[in-house]
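The residues making up each chain are set out below.
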Amino acid sequence: MQSQASRIFRDRSKLDESYIPEKLRVRNNEAELLINRYVNRLREGSSSTDITLIYGSIGKVGIGKTMLSKFVGRKLEQITKKIGINFKYVYINVYSAPSLHQILSLVTVQLGLGFSVRGSAAIEALKAITDYLYRKNMNLLVILDEFQSLLMSPRVSDDHLYLLLRVYEEIPPLDGINRISFLLVSQDFRVLSLMRERIPQVESQVGFKLHLRPYTSGELYEILEQRAEEAFHKNAWDPYMLSLIADSYGYSEERGGDGSARKAILTLRMAAEKAEAEGKPRIEESDIRWAISENAAAYIPLSELRGLNTHKLLILLSVADLTMSRGGFITTGLLRDKYVEMCEFYGESPRGNTQFHTYLKELVTSGLIEARLSGKGLRGRTTIIRLAPEIPADKFKEALESILLDRAGPGEGRNW
Ligand SMILES: Nc1ncnc2c1ncn2[C@@H]1O[C@H](COP(=O)(O)OP(=O)(O)O)[C@@H](O)[C@H]1O
Ligand SMILES: [Mg+2]
């Protein structure tokens, strides 16, 4: 069968979550600020470790934190190449690498170092990295995204954090030049108090802080327009369609609003795909409205979740986790096992069975999860549950994790 060229899409990948435009129309000032700062430091061959922090606004995601950090890393590689400075950046989401070993291992892999971190002490791995940078006269920018989760990880001690972030205190550079800088990316300003608690000497060393706010309608419009120009055929879209999305998600003091570029781009993509599936030559208003309402249904009741006690959150997190790994209905036995596991990870002691079932019932009443009786099995009928169908499990899980992490005050549940 011959595949037919899309009438809507010119380049679908421009709407991918991981795509970062070559030029920024929004947040470009912030990017330039960071880039200029780094370029100056690189030119000087600085002797102190630079720690920069990007943080967002409480409860806001999709506001360009990750994008900005990668954009800066990428641009710096381009600029330094031109001016003859050996520079590389590595990007690590510490959420999926919540230990010093995992982080160092990712650094060595991304640097292409033939050094196996496995089985060696952290200090040796760090030494291998600094030696390599010294030999190659290479400067390294380490981006640690979701940095707050590292401060919460039960597998990272204060010593580890110091070792990593003050590497040159432990391993003084042979020529006095400090070649590693850190760009920490974090959800919101609360990361600062967490740092103050755990690693005060690093906190006081943060040289530059950048607070990113949720996007206004105007900013979202510009972001969407750029994507539309890159992703769609010329006549497949018009500005009004984009403004519908931008107005619906834009943030303002009075109205609140998500201010999320992620949501806005995703909505545009959904609308375009619907129009395409229906064989239309262009995206119509009905497609946009449909996509916005679809996303509204996928809305996650954050304030309701924030009002729940920690153990209800842990139960919901277990449901979300099982929904993602297995899907369908889940037996309460299986859920209980997962809940105990989650308690362990978050340093909580699991509630007894009776309390667990009371919580479960209350959660069913709230409509977040649904319960049903199973068909007759070996041991008679049992209760099975699932996540309410309109809730997207992955986003739900993300939201729960961030609430739980915020809640686990520093020092709590960490006895290593
Ligand atoms: N200023 C911007 N210009 C273009 N695209 C953006 C901009 N800000 C965010 N995006 C896009 O929106 C999505 C979400 O951004 P991201 O950086 O992942 O948000 P956060 O890390 O704050 O949750 C990504 O696909 C990103 O490329
Ligand atoms: Mg991010």
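What counts as what
Residues numbered from 1 in each chain as written. Chains lettered and ligands numbered in written order. Predicted model: local features only at pLDDT ≥ 70, side-chain atom pairs only at ≥ 80, totals over all residues. Helix = DSSP H or I, 4+ residues; strand = E, 2+ residues; numbered from the N terminus. Expected span 1.5 Å × (residues − 1). Buried ≥ 20, exposed ≤ 12 C-beta atoms within 10 Å, placed from the backbone. Domains from an automatic or database assignment. Contact = placed C-beta atoms within 7 Å. Nonpolar A, V, L, I, M, F, W, Y, C, P; charged D, E, K, R; others polar. pLDDT = per-residue confidence, 0-100. Core = buried A, V, L, I, M, F, W, Y, C linked by C-beta atoms within 7 Å. Near = placed C-beta within 6 Å. Pairing = 2+ DSSP bridges. Axes fitted to C-alpha atoms, helices over the stretch in contact; angles between N-to-C directions.

Looking at helix H17 (residues 353–366)
Part 1 of the argument: If you check H17, its first and last C-alpha atoms are 20 Å apart, about what 14 residues at 1.5 Å a residue would give, namely 20 Å.
Part 2 of the argument: Just downstream of H17, glycine 367 is the residue with a positive phi angle, here 90 degrees.

Topic: the environment of arginine 118
Part 1 of the argument: Summarising the element assignment, arginine 118 is placed in the loop between helix H3 (100–111) and helix H4 (122–136).
Part 2 of the argument: When the 8 C-beta atoms within 10 Å are taken as the criterion, arginine 118 is described as exposed.
Part 3 of the argument: Separated by 13 residues in the primary sequence, arginine 118 and serine 105 have C-alpha atoms spaced 7.8 Å apart.

Digging into the domain arrangement of the chain
Part 1 of the argument: Here the domain parsing of the chain yields domain 1 (28–211), domain 2 (215–297) and domain 3 (303–407).
Part 2 of the argument: Computed from C-alpha coordinates alone, the two centres of domain 1 and domain 2 are separated by 34 Å.
Part 3 of the argument: Contacts between the two partners involve 5 residues from domain 1, matched on the other side by 6 residues from domain 2.
Part 4 of the argument: Across the side of domain 1 that touches domain 2, the residue classes break down as 2 nonpolar, 2 polar and 1 charged.

Some remarks on the confidence of the model for the chain
Interpreting fine coordinate detail is not advised for predicted regions of low pLDDT.
Part 1 of the argument: Summing up the model confidence of the chain, the mean pLDDT is 90 and the portion of residues at 70 or higher is 95%.
Part 2 of the argument: Every residue in residues 411–416 is under pLDDT 50, and counting partners more than four places away or in other chains gives 10 contacts.

Considering the nonpolar core
Part 1 of the argument: Ranked by internal contacts, the top residues of the largest apolar core, which has 82 residues, are Leu144, Leu220, Leu224, Ala264, Leu268 and Ile283.
Part 2 of the argument: When residues of this core are assigned to their parent elements, the largest contribution, 7 residues, is made by helix H12 (residues 261–277).
Part 3 of the argument: Summarising the domain contributions, this core has at least three residues from each of domain 1 (28–211) and domain 2 (215–297).
Part 4 of the argument: Leave out the neighbours within four places in its chain, and leucine 224 touches Leu242, Ile245, Ala246, Ala264, Ile265 and Leu268.

Some remarks on the site of ligand 1
Part 1 of the argument: Neighbouring ligand 1 are 18 residues; Gly64, Lys65, Thr66, Met67 and Ala261 lie closest to it.
Part 2 of the argument: Broken down by secondary-structure element, the contributors of at least two residues to the shell around ligand 1 are helix H2 (65–82) and H12.
Part 3 of the argument: Among the residues forming the shell around ligand 1, the class breakdown is 10 nonpolar, 4 polar and 4 charged.
Part 4 of the argument: If you count residues domain by domain, the shell around ligand 1 takes at least three from each of domain 1 (28–211) and domain 2 (215–297).

Observations concerning the sheet that holds strand S5 (residues 206–211)
Part 1 of the argument: Strand order across the open sheet formed by 5 strands is S2-S3-S4-S1-S5, with parallel pairing between neighbours. The open sheet has two edge strands, strand S2 (87–93) and S5, and neither has a second partner. The mean inter-strand angle of the sheet, taken between neighbouring strand axes irrespective of direction, is 15 degrees.
Part 2 of the argument: Inspection of the sheet shows S2 paired to strand S3 (residues 139–145) by 7 bridges, in the parallel sense. Following the sheet pairing, phenylalanine 87 is matched in S3 by asparagine 139.
Part 3 of the argument: Here H3 sits on the sheet in contact with S2 and S3, set at roughly 140 degrees to S2.

Thoughts on the environment of histidine 160
Part 1 of the argument: Mapped onto the fold, histidine 160 is located in helix H6 (residues 158–165).
Part 2 of the argument: Distance in space between the C-alpha atoms of histidine 160 and alanine 122 is 8.2 Å, their sequence separation being 38 residues.
Part 3 of the argument: Not counting residues within four places of it along the chain, the set of residues in contact with histidine 160 comprises Leu100 and Ala122.

Here we look at unusual backbone geometry
Part 1 of the argument: Here arginine 27, not a glycine, exhibits a phi torsion of approximately 75 degrees, which is positive.
Part 2 of the argument: Position of arginine 27 among the secondary structure elements: in the segment before helix H1 (28–44).
Part 3 of the argument: Its 20 C-beta neighbours within 10 Å are what place arginine 27 among the buried residues.
Part 4 of the argument: Positive phi, normally seen in glycine, also occurs at asparagine 137, with a value near 45 degrees.
Part 5 of the argument: Examined against the element boundaries, asparagine 137 turns out to sit in the loop between H4 and S3.
Part 6 of the argument: The class for asparagine 137 is exposed, based on 12 C-beta atoms found within 10 Å.

Considerations on the sheet that holds strand S7 (residues 369–373)
Part 1 of the argument: Strand order in the open sheet made by the 3 strands is S6-S8-S7, with antiparallel pairing throughout. Sheet topology places strand S6 (330–331) and S7 at the edges, where each strand pairs with a single neighbour.
Part 2 of the argument: Pairing of S6 with strand S8 (residues 383–387), which is carried by 2 bridges, proceeds in the antiparallel orientation. Along S8, the bridge assignment pairs threonine 331 with isoleucine 384.
Part 3 of the argument: Sheet contacts for helix H15 (residues 310–325): S6, S7 and S8; angle to S8, the most-contacted strand, approximately 85 degrees.

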